[in-house]
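Chain and residue survey
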Amino acid sequence: MRRWHSLVLMEQLIMVLVFALAAALCLQAFALANRISRDNAVRDQAMLRAQTAAETIKSCRGDGARAAELAGGTWNPSPEGTADSGIWHISYDKNWVETRGDASYVTETTVCLQNPYLGEAVVLVQDTDGRTAAELTIRWQAGGNGDAG
């Protein structure tokens, strides 16, 4: 009779161990799912900001000063002094609200006029560590003299 009680006790201990192991695996799965969800939310917001910047710069035909005036941020013309190229910066805090202070994310739109007929811009959205969350390349048709047309 004593052996039977020992086997029941051993079986219950093994079952508790199996359930504890299953619970630990479930917790790891939930933690991984949470991290993936946060990463996807950042990527979605970054792509939304990149699309907004791309559409704004395209509608302005590469005029970064006008784009910055319409959508915020700062326009830095290229060192060559041409108005047709430069970098448009917009900084965001951790909640994706535009900020002038400490930024968690930065949208950087590099504009260049490839030739008198074609403009190009590359939109990058990066975090403070320099990891790219979204990237878009856009092109638009410019007028024959380099103006919008």
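Per the secondary structure count, the chain includes two helices and five strands. Starting at the N terminus and ending at the C terminus, the chain contains elements arranged as α-α-β-β-β-β-β. Here the C-alpha atoms of the chain give a radius of gyration of 27 Å, more than 25% beyond the 15 Å that 2.2 N^0.38 yields for 149 residues. Relative to its 149 residues, the chain shows a buried fraction of 26%. When contacts within the chain are restricted to residue pairs at least 6 apart in sequence, those whose partners lie at least 24 apart make up 36%. When the accessible area of the chain is evaluated, it comes to approximately 10,100 Å², of which 57% is carbon and sulfur surface. Here the chain holds 13 positive side-chain charges and 17 negative ones, and the gap between their average locations is 14 Å.

Now for the nonpolar core. Ranked by size, the top nonpolar core spans 21 residues in total, and within it Ile57, Trp88, Trp96, Val111, Ala121, Val125 and Ile138 carry the most contacts. Every element with two or more residues in this core is listed here: helix H1 (2–59), helix H2 (64–71), strand E2 (86–92), strand E3 (105–115), strand E4 (118–127) and strand E5 (132–141). When residues in this core are grouped by element, the largest group, five residues, is from H1. For Val125, the contacting residues outside a window of four places in its chain are Ala46, Ala50, Trp96, Val106, Thr107, Arg131, Thr132, Ala133 and Ala134.

This part covers H2. For H2, the full list of buried residues reads Gly64, Ala67 and Ala68. Buried residues of H2 fall within an arc of 100 degrees about the axis and therefore sit on the same side. Exposed side chains of H2 directed beyond 90 degrees from the buried face belong to Glu69 and Leu70. For H2, the side-chain oxygen to backbone nitrogen distance between the N-cap and Ala65 is 3.3 Å, and the N-cap itself is Asp63. Among the residues trailing H2, Gly72 stands out with phi positive, at a value near 95 degrees.

Calculation rules
Residues numbered from 1 in each chain as written. Predicted model: local features only at pLDDT ≥ 70, side-chain atom pairs only at ≥ 80, totals over all residues. Heavy atoms only, no water. Helix = DSSP H or I, 4+ residues; strand = E, 2+ residues; numbered from the N terminus. Rg over C-alpha atoms; globule rule 2.2 N^0.38 Å. Buried < 20%, exposed > 50% of the residue type's maximum accessible area, 1.4 Å probe, protein only. Contact = heavy atoms within 4.5 Å. Areas by Shrake-Rupley, 256 points an atom, 1.4 Å probe, with all protein chains shown as cover. Lys, Arg positive; Asp, Glu negative; His and termini not counted. Charge placed at Lys NZ, Arg CZ, Asp CG, Glu CD. Core = buried A, V, L, I, M, F, W, Y, C linked by side-chain atoms within 4.5 Å. Arc of directions from axis to C-beta. Polar contact = N/O pair within 3.5 Å; in protein donor to acceptor, adjacent residues only side chain to side chain.

In short, geometric facts, not functional conclusions.
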